[in-house]
Amino acid sequence: MNKHVKIESTNEAWESGALGTDESHVRAAPAELESAIDASIGLQAISIRLPKDLIEAYKLIAAHHGIGYQPLMRDILQRFVPEGLKEVLQHHETKAAEAEVRVEEWRKAA
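Remember, predicted model here, so these are calculated numbers, not experimental data.

Here we look at the overall build of the protein
Along its length, the protein carries four helices and zero strands. The N-to-C order of helical and strand elements in the protein reads α-α-α-α. Taken over C-alpha atoms, the radius of gyration comes to 26 Å for the protein, far larger than the 13 Å a tight globule of 110 residues would show. Along the first, second and third principal axes, the C-alpha atoms of the protein reach 100 × 35 × 30 Å. Taking all 110 residues of the protein together, 6% fall into the buried category.

Encoded structure:
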């Protein structure tokens, strides 16, 4: 006789692994579904070569925080980009202001 034990579907059951860890229910998602999911949440897969030591460091830090190393990389990049963009914009604003001064000086000299 095959006995099945029903586990209540709760957030705790999913988080603890009581639900969702039976390998007999695991299968890869079709490529079309993965693409549709990525498109719907605005993600794009990329390929990047990194030093092995850097990847191992990411994995160590990610494990400490209880997350995967790729989501950690994504988070770090998302934190860096706004500051990087701010720096670029400030640089271009400074260059634009300098150009305006030069144009005004040229006009006065003409």
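After presenting the structure, the write-up continues.
Looking at the packing of aromatic side chains
According to the stated counting rule, one finds zero aromatic pairs in the structure shown. Looking at Lys59, its charged tip hangs above the ring of Tyr69, at a distance of 5.1 Å from the centre.

Structural notes on helix α4 (residues 69–109)
Side chains of residues three or four places apart in an α-helix project in the same direction, reflecting 3.6 residues per turn. The end-to-end C-alpha distance of α4 is 59 Å, a good match for the 60 Å that 41 residues give at a rise of 1.5 Å each. Turning to α4, its buried residues are Leu72, Met73 and Gly84. Buried residues in α4 make contact with α3 (52–65).

What about the environment of Phe80?
Assignment of secondary structure puts Phe80 in helix α4. Judged by its relative accessible area of 55%, Phe80 is exposed. C-alpha of Phe80 to C-alpha of Thr94: the two residues are 14 residues apart in sequence and 21 Å apart in space.

Some remarks on the environment of Leu19
Mapping Leu19 onto the fold places it in the loop between α1 (11–16) and α2 (31–40). By relative accessible area, which is 17% here, Leu19 ends up buried. When the C-alpha atoms of Leu19 and Arg102 are compared, they prove to be 68 Å apart, with 83 residues separating the residues in sequence.

Notes on the confidence of the model for the protein
Here the protein averages 87 in pLDDT, while 94% of its residues score no lower than 70. When pLDDT is averaged over each helix and strand of the protein, the minimum, 80, is found for α1 and the maximum, 96, for α3.

Here we look at the environment of Arg74
Looking at where Arg74 falls in the secondary structure, it is placed in helix α4. Each C-alpha atom of the pair Arg74 and Ile46 lies 11 Å from the other, and the pair is 28 residues apart in sequence.

Quick look at the packing of α3 against α4
Remark: α3 packs on α4, axes separated minimally by 8 Å, with the N-to-C direction vectors making an angle of 95°. One finds that α3 runs roughly perpendicular with respect to α4. Residues Ile55, Tyr58, Lys59, Ile61 and Ala62 of α3 lie in contact with α4, whose contacting residues are Tyr69, Leu72, Met73 and Ile76.

Examining the pattern of salt bridges
Tallied over the entire structure, the rule returns four salt bridges. Of the charged contacts, one joins Asp75 and Arg79 as a salt bridge, the two residues approaching to 3.0 Å between their closest N and O atoms. One end of the pair, Asp75, and the other, Arg79, are both in helix α4, four residues apart, so they sit about a helical turn from each other. Note on Arg79: relative accessible area 61%, which makes it exposed.

Analysis parameters
- Residues numbered from 1 in each chain as written.
- Predicted model: local features only at pLDDT ≥ 70, side-chain atom pairs only at ≥ 80, totals over all residues.
- Heavy atoms only, no water.
- Helix = DSSP H or I, 4+ residues; strand = E, 2+ residues; numbered from the N terminus.
- Rg over C-alpha atoms; globule rule 2.2 N^0.38 Å.
- Buried < 20%, exposed > 50% of the residue type's maximum accessible area, 1.4 Å probe, protein only.
- Phe/Tyr/Trp six-rings, centres within 6.5 Å; stacked < 30°, edge-to-face > 60°.
- Lys NZ or Arg CZ within 6 Å of the ring centre and 35° of its normal.
- Expected span 1.5 Å × (residues − 1).
- Contact = heavy atoms within 4.5 Å.
- pLDDT = per-residue confidence, 0-100.
- Axes fitted to C-alpha atoms, helices over the stretch in contact; angles between N-to-C directions.
- Parallel < 35°, antiparallel > 145°, perpendicular 65-115°, else oblique.
- Salt bridge = Lys/Arg side-chain N within 4 Å of Asp/Glu carboxyl O.

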